[in-house]
Each structure stands twice: as C-alpha cells, then as structure tokens.
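Structural features, examined
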Amino acid sequence: MNPVDTIVVGAAIVDGDGRLLAAQRAEPPELAGGWELPGGKVDPGEDEYTALLRECQEELGVVIKVGDRVGGDWPLNGGYVLRVWLAEIVGGSLEAREHLELRWLSDGELYDVPWLPADLPIVRAVQKALNEG
C-alpha cells in the first residue's frame with residue numbers, strides 16, 4: 001500500500017436471515033442517492049477495528065460484532081483504500097443518521113439498488129462469502 005493512501009473501513013452487516021444492510025448516500029452531491037456499505041475513514045491514531053465500531057455507532061446508532069474480512073484492499077478514487085469486514089448488530093437501535101435510507105437486502109434483492117461503482121465488486125464478494133458460509 002502506498003503511504004499516501006487513506007484507509008476507509010466498511011461493514012458488511014448481515015442479519016440473522018442472511019440479509020445485507022445497504023445504506024443510501026445523502027452526500028456529497030456526486031454520490032447522493034447511490035447505495036453503499038456503511039463505514040468511513042480511519043482517523044489519525046485510530047486502528048481499523050476501532051474506526052469500524054465508531055463509524056457504525058455514529059452513522060447507524062448500533063454496536064456491531066466484527067467478523068471475517070472480505071477480500072483484500074479495494075482501491076477507491078482519490079488515493080483511498082477500502083477494507084471491509086462482515087459484521088452483525090449486537091446492540092443499539094438501527095437508524096439512518098447520515099444516510100437517506102437503509103434497506104435489508106436478501107440474496108435475490110442484492111442488485112435491486114444502484115450500488116456505487118466502488119461498492120459493486122465488494123457486494124459480489126460479500127454475496128460469495130455468504131453463499132459459501
């Protein structure tokens with residue numbers, strides 16, 4: 001990884017029925033309306049695990065249990081690298097604090113929303129991981 005890369009963490013949150021949580025972006029304007037996995041940037045001095053827990057609490061109002069990592073480093077525009085983990089909600093009350101909408105998508109519904117281009121290959125990898133598990 002290039003030292004100028006900024007790490008972004010994402011949570012592929014799955015419920016007890018095997019559905020994946022999708023979040024619709026509210027901003028910035030060029031991404032608004034697109035769907036993504038929840039998460040965000042790792043702050044200076046913060047490790048990835050802590051950042052993932054913090055982002056889910058801030059964005060969704062939930063506490064998560066982090067599971068296996070999905071894939072490796074997923075390159076994003078602007079020198080960002082996304083790292084994604086499977087997760088489950090273990091506390092809190094799910095709400096769209098920073099997103100327009102949240103949706104639980106079953107395996108057959110995963111492509112019913114317009115995923116942001118950077119998230120689409122990750123969704124495919126998550127689907128594969130869930131189907132193998």
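Here is a short report on the structure shown in this document. In this convention, every chain numbers its residues from 1, walking through the sequence in written order. Two thresholds apply to this predicted model, a pLDDT of at least 70 for residue-level local features and 80 or more for giving and counting side-chain atom pairs, whereas whole-chain, interface and lining totals are computed over all residues. Side-chain descriptors were evaluated using all non-hydrogen atoms of the structure, hydrogens and water having been removed beforehand.

As a further point, take the pattern of salt bridges. Once their charged atoms are close, side chains differing in charge can pair, the charge on each being opposite to the other. Each salt bridge in this description consists of a side-chain nitrogen of Lys or Arg and a carboxyl oxygen of Asp or Glu lying within 4 Å of one another. All told, the structure shown has 10 salt bridges when counted by the stated rule. Among the salt bridges present, the one from D15 reaches R19, with a minimum N-O distance of 2.6 Å. By relative accessible area, D15 is classed as buried at 17%. Only protein chains enter the area calculation, which uses a 1.4 Å probe; residues under 20% of their type maximum are buried, those over 50% are exposed, and those in between are partly exposed. Judged by relative accessible area, which is 28%, R19 ranks as partly exposed. Of the charged contacts, one joins R69 and D73 as a salt bridge, the two residues approaching to 2.8 Å between their closest N and O atoms. Shared partners join several salt bridges into a network, and the residues in it are D43, E46, R54, E55 and E58.

Our focus in this paragraph is the sheet that holds strand β3 (residues 35–36). Reading across the sheet, the three strands line up as β3-β2-β7 and stay open at both edges, with antiparallel pairing between neighbours. Edge positions in the sheet fall to β3 and β7 (99–105), since each has one partner strand and no second. Where strand β2 (residues 20–25) lies against β7, six bridges are found, and the strand directions are antiparallel. Among the inter-strand pairings, Q24 is bridged to a residue of β7, identified as E101. A pair of strands counts as paired when DSSP detects no fewer than two bridges linking them. Helix and strand assignments come from DSSP, with helices taken as H or I runs of at least 4 residues and strands as E runs of at least 2, each series counted from the N terminus.

What follows deals with the sheet that holds strand β1 (residues 6–13). Strand order in this open sheet of four strands is β4-β1-β6-β5, and the pairing throughout is mixed. The two strands at the open ends of the sheet, each matched to only one other strand, are β4 (39–41) and β5 (62–75). Between one strand axis and the next, the sheet turns through 20 degrees on average, direction left out of account. Contacts are assigned to residue pairs with any non-hydrogen atoms lying within 4.5 Å of each other. Every angle, taken between N-to-C directions, lies between 0 and 180 degrees, and every axis is a line fitted to C-alpha atoms, over only the stretch in contact when it is a helix. Packed onto the sheet, helix α1 (residues 48–60) meets β1, β4, β5 and β6 (80–92) and runs at close to 120 degrees relative to β5. Against the sheet, helix α2 (residues 120–132) contacts β1, β5 and β6, and its axis sits at roughly 115 degrees relative to β5.

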